[in-house]
Amino acid sequence: MKPAVKVCSIIGLLILLALAFDFRLRVVNYSIENEKIVGEVTLALITDLHSCLYGKNQQQLLQKINAVKPDLVLLGGDIFDDAYVNNNSHILIDKLATTYTTYYVSGNHEWWSKEMYHFFNYLERAGVLVLRGHADTLTVHGNKLSIGGIDDPEVNLYDTTFKSFEEQLAALGEFLDDTHFNILLAHRPEFAPQYFSHSFDLAVSGHAHGGQFRIPFLLNGFYAPNQGFFPKLAGGCYDFGRSTLIVSRGLSRENTILPRIFNRPELVFVTLASSMN
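Engineer: Is there a simple way to explain unusual backbone geometry in this structure?
Structural biologist: Within the chain, His141 stands out as a residue other than glycine whose phi angle is a positive 50°. Owing to a relative accessible area of 53%, His141 belongs among the exposed residues under this scheme. Here His207, not a glycine, exhibits a phi torsion of approximately 70°, which is positive. Checked against the element boundaries, His207 lands in the loop between β9 (202-205) and β10 (223-224). Residue class for His207 comes out buried when judged on its relative accessible area of 2%.

Following this line, the structure appears as C-alpha cells:
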C-alpha cells in the first residue's frame, strides 16, 4: 500500500471511530398534526438518563430545554439508576420542576433499585406529577390535553399491593375523553399495540436505548431489552393508524455497560400542531 493511501486509510478509520463513539447530546424534533389541536403545544421528552452527567449542574440539558421553553416536560422512566449515585438526576429534576409542568413514570431500573417509593416521595416534594395508572387533564393554549401514565411492568414484581401494569392501563382507558388530545407516558415501547387499543392519540417511551448499536441507513438498532435483536421500536416516530408512538433513544452514556455505537444520546421535543388549514 502506498504511503499516501495508507495515511488516508488511517485518517478515514479515525473519522469513522470518532463518529461511531460520538456521545455528544443530540436534539431531535418531531411534529404531529391533529385536528384536536389549535395552534401549537410543545413537549420535551426525557428518558433513560440513568443519572448521567451533562455538564456542570446539567447545564447542557437545561440550556437546550430552556431555549425551547416547552409547555410540558415528560420524564419517561429510568431517570434514576439502580447502580449509581443519583445526584445528577436530582439536580436536573429540581431545576425542571421549578420552571415547567413536569410528569414522571417509573422505569425498570428504578424498581430494581428497591428505592422506588423514595423516588416517588422526592418527586412529589419537588413538584413533579407522578403518574401511576391515572391521568391529569389540563388546558394548554386553549387545548384540552389528558396526560396519562403507567408504571413499568416491574411494578408487578416489586409492588404487589398496588395496581398491576395491566390494571393501570385499563383504568386509564376508561378515563379517556375522545374530545381531548390524549397522551400516554409509558417507559416501554413494545406494548404499543396494547396502548393503542385505547384512545391515545400519542404514546411516548424510551427503554430501548436506540438498540445500543446502529449502522446508519442500514440498521436502526442491534439489540433492545425486551425486544431482542433487531428491535422494531428502537427509536423514532412510528405510525399506528390514527395514533403515533415516539420512542426516544435516551440519554444514558457513561453509565451504560456497553457503549453506544453510531447512537448519540438524545433529547426529544414533540410539537403538536393543528391539522386544520
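Engineer: Please explain the packing of aromatic side chains as it appears in this structure.
Structural biologist: Aromatic ring pairs: the centre-centre distance and the angle between the two ring planes describe each pair. Taken as a whole and judged by the stated rule, the model has eleven aromatic pairs. Between Phe80 and Tyr104 the ring centres are 6.4 Å apart and the planes differ by 65°, which places this aromatic pair in the edge-to-face class. In this pair, Phe80 sits in the loop between β3 (72-75) and α3 (87-97) while Tyr104 sits in strand β4 (residues 101-104), placing the two residues 24 residues apart along the sequence. Neither residue differs from the other here; Phe80 and Tyr104 are each classed as buried. A ring pair is formed by Phe80 and Tyr122, whose centres lie 6.2 Å apart and whose planes are at 80°; its orientation type is edge-to-face. One end of the pair, Phe80, is in the loop between β3 and α3; the other, Tyr122, is in helix α5 (residues 116-126), with 42 residues separating them in the sequence. Side by side, Phe80 and Tyr122 carry an identical accessibility label, which is buried. Feature note: the residues Phe213, Phe222, Tyr223, Phe229 and Phe230 constitute an aromatic cluster, connected by ring pairs. One residue, Arg253, lies across the ring of Tyr54, its end atom 3.7 Å from the ring centre.

Engineer: Honestly, the packing of helix α2 (residues 59-68) against α3 in this entry has me stumped. Any pointers?
Structural biologist: If you want to describe how two helices pack, look at the angle between their axes and the distance between the axes. Put simply, α2 and α3 touch, their axes get as near as 10 Å, and they point 20° apart. Of the possible angle classes, the one that applies to α2 and α3 is roughly parallel. Considering how the two elements wind past one another, α2 and α3 form a crossing that is right-handed. Of the residues in α3, those in contact with Leu61, Leu62 and Ile65 of α2 are Leu92, Lys95 and Leu96. Per-class residue counts for the contact of α2 with α3 are five nonpolar, no polar and one charged.

Engineer: What should I look at first to understand the sheet that holds strand β6 (residues 134-140) in this one?
Structural biologist: Note: strands within a sheet are paired through backbone hydrogen bonds, in either parallel or antiparallel orientation. As summarised here, the arrangement of the six strands in space is β6-β7-β8-β9-β13-β12, forming an open sheet in which the pairing is mixed. Of all strands in the sheet, those bounded by a partner on one side alone are β6 and β12 (236-240). For this sheet the average axis-to-axis angle between neighbouring strands, irrespective of direction, equals 20°. As defined by bridge partners, β9 adjoins strand β13 (residues 243-247) across four bridges and the pair is classed as parallel. Bridge pairing in β13 places Ala203 opposite Leu245.

Engineer: I keep staring at the sheet that holds strand β2 (residues 40-46) and nothing clicks. Help me out?
Structural biologist: Strands sit in the order β1-β14-β2-β3-β4-β5 across an open sheet of six strands; the sheet is mixed. Across the chains shown, the open sheet's two edge strands, defined by having one partner strand only, are β1 (26-34) and β5 (129-130). By the bridge criterion, six bridges tie β2 to strand β14 (residues 266-274) in an arrangement that is antiparallel. Counted as the bridge partner of Thr42 is Thr271 from β14. Packing against the sheet, α2 makes contact with β1, β2 and β14, and its axis sits at approximately 10° to β14.

Engineer: Just checking my understanding: could you explain the side chain of His207 for this structure?
Structural biologist: Looking at His207, its side chain comes within polar contact range of the side chain of Asn226, at 2.7 Å. Not counting residues up to four positions away in its chain, the partners in contact with His207 are Asp48, Asn108, His187, Arg188, Pro189, Glu190, Pro225 and Asn226.

Engineer: I keep staring at the pattern of salt bridges and nothing clicks. Help me out?
Structural biologist: A side chain with one charge may pair with a side chain of the opposite charge, provided their charged atoms come close. Tallied over the entire structure, the rule returns eight salt bridges. Arg188 is the partner of Asp152 in a salt bridge, and the nearest nitrogen-oxygen pair spans 2.6 Å. You can see Asp152 sitting in the loop between β7 (143-149) and α6 (155-158) and its partner Arg188 sitting in the loop between β8 (181-185) and α8 (192-195), a full 36 residues away along the chain. Judged by relative accessible area, Arg188 falls into the buried class, the value being 6%. Where Glu190 meets Arg188, a salt bridge forms, and the shortest distance between an N and an O atom there is 4.0 Å. Where salt bridges share partners, they join Asp152, Glu154, Arg188 and Glu190 into one cluster.

Rules of the game
- Residues numbered from 1 in each chain as written.
- Predicted model: local features only at pLDDT ≥ 70, side-chain atom pairs only at ≥ 80, totals over all residues.
- Heavy atoms only, no water.
- Buried < 20%, exposed > 50% of the residue type's maximum accessible area, 1.4 Å probe, protein only.
- Helix = DSSP H or I, 4+ residues; strand = E, 2+ residues; numbered from the N terminus.
- Phe/Tyr/Trp six-rings, centres within 6.5 Å; stacked < 30°, edge-to-face > 60°.
- Lys NZ or Arg CZ within 6 Å of the ring centre and 35° of its normal.
- Axes fitted to C-alpha atoms, helices over the stretch in contact; angles between N-to-C directions.
- Parallel < 35°, antiparallel > 145°, perpendicular 65-115°, else oblique.
- Left-handed = near helix turned anticlockwise from the far one by under 90°.
- Contact = heavy atoms within 4.5 Å.
- Nonpolar A, V, L, I, M, F, W, Y, C, P; charged D, E, K, R; others polar.
- Pairing = 2+ DSSP bridges.
- Polar contact = N/O pair within 3.5 Å; in protein donor to acceptor, adjacent residues only side chain to side chain.
- Salt bridge = Lys/Arg side-chain N within 4 Å of Asp/Glu carboxyl O.

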